[in-house]
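# Commentary on secondary and tertiary structure
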Amino acid sequence: MSFTLQELTAALAGHLAPHLPGVTFYDNPNQQGTQLPALFLQKTHARITGKTGPRFLRRLGLDLVYLVDFNRPDMQDQYMDAAEILDGHLELFPCQGALLRTYGRHWTVQEDALHYKFDLKLWVSRQEDAVLMGAIQAYREEVI
């Protein structure tokens, strides 16, 4: 299975849409034309560790930013409700036929937005197109 960040974004949006009706999901923060309430996916960091054979562990840091209209008197209540929904539905989510587990989930309200942060730990591999070893019988010495 191939894995891209666009597929991850689509999988999260599809998984959360039934639980957050009326919320518009965006891949990146918008400057104009944002329909509130909105949920943005921001990629905060990536680390590669733990190489085992052809596979390596890729850790992705993600931040779901939830925004509602700033002038609402129940803005904090809406953020708390959204945090509860995300807590209840983001331990596992489907992506390309596999279930992805989230790690280190936590949320804060900063600058009048709900930030729901978590990490993904993905064992991934990349196709090598270089010939790493050949047969000695196929070796032909050349002098230049």
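Everything discussed here concerns the structure shown above.
Treat the numbers as computed from the prediction; the structure is a model and nothing was measured. (Residues numbered from 1 in each chain as written. Predicted model: local features only at pLDDT ≥ 70, side-chain atom pairs only at ≥ 80, totals over all residues. Heavy atoms only, no water.)

### Side note on the sheet that holds strand E1 (residues 24-26)
Put simply, the rule is: Strand pairing is defined by DSSP finding a minimum of two bridges between the two strands. Put simply, DSSP marks the helices as runs of H or I at least four residues long and the strands as runs of E at least two long, and each gets a number from the N terminus on. Axes, fitted as lines to C-alpha atoms, cover a helix only where it is in contact. Angles between the N-to-C directions of the axes lie from 0 to 180 degrees. Throughout, a contact is declared for two residues whenever any of their heavy atoms are within 4.5 Å.
Ordered by their spatial adjacency, six strands build an open sheet running E1-E2-E3-E6-E5-E4, and the pairing between neighbours is mixed. Whereas interior strands pair on both sides, the edge strands pair on one side only; in this sheet they are E1 and strand E4 (92-95). Across the sheet, the mean angle separating the axes of adjacent strands is 30° when strand polarity is ignored. Two strands pair when backbone bridges link them, and E4 and strand E5 (residues 98-110) are joined in this way by four bridges, in the antiparallel orientation. Across the sheet, residue Pro94 finds its bridge partner in E5, namely Leu99. The strands that helix H1 (residues 5-16) touches are E1, strand E2 (38-52), strand E3 (55-67), E4, E5 and strand E6 (113-125); relative to E4, the one it contacts most, it runs at about 125°.

### Quick look at H1
Worth spelling out the cut-off: Working rule for helices: expected span equals 1.5 Å times residues minus one. Buried means the residue's accessible area, taken with a 1.4 Å probe over protein chains only, is under 20% of the maximum for its type, while exposed means over 50%, and partly exposed covers the values in between. This arc describes the spread of directions from the helix axis toward the C-beta atoms.
Between the first and last C-alpha of H1 there are 16 Å, a value that for 12 residues agrees with the 16 Å anticipated at 1.5 Å per step. Taken together, the buried positions of H1 are occupied by Leu8, Thr9, Ala11, Leu12, His15 and Leu16. Around the axis of H1, the buried residues are gathered within 165° of arc, so they sit on the same side.

### Focus on the packing of aromatic side chains
Cut-off, in case you're wondering: Ring pairs are drawn from Phe, Tyr and Trp, using the six-membered ring of Trp, whenever the two centres fall within 6.5 Å, and their geometry is named by plane angle: stacked under 30 degrees, edge-to-face over 60, tilted for the rest.
Within the structure shown, the criterion is met by three aromatic pairs. For the pair Tyr26 and Phe40, a centre-to-centre distance of 5.4 Å together with 20° between the ring planes defines the contact as stacked. Of this pair, Tyr26 sits in strand E1 while Phe40 is found in strand E2, placing the two residues 14 residues apart along the sequence. With relative accessibility at 4%, the residue Phe40 sits in the buried group. Seen from their ring centres, Tyr66 and Tyr79 are 6.0 Å apart, and the 75° between their planes marks the pair as edge-to-face. Placement of Tyr66 in strand E3 and of Tyr79 in helix H2 (residues 75-89) is noted, with a sequence separation of 13 residues between them.

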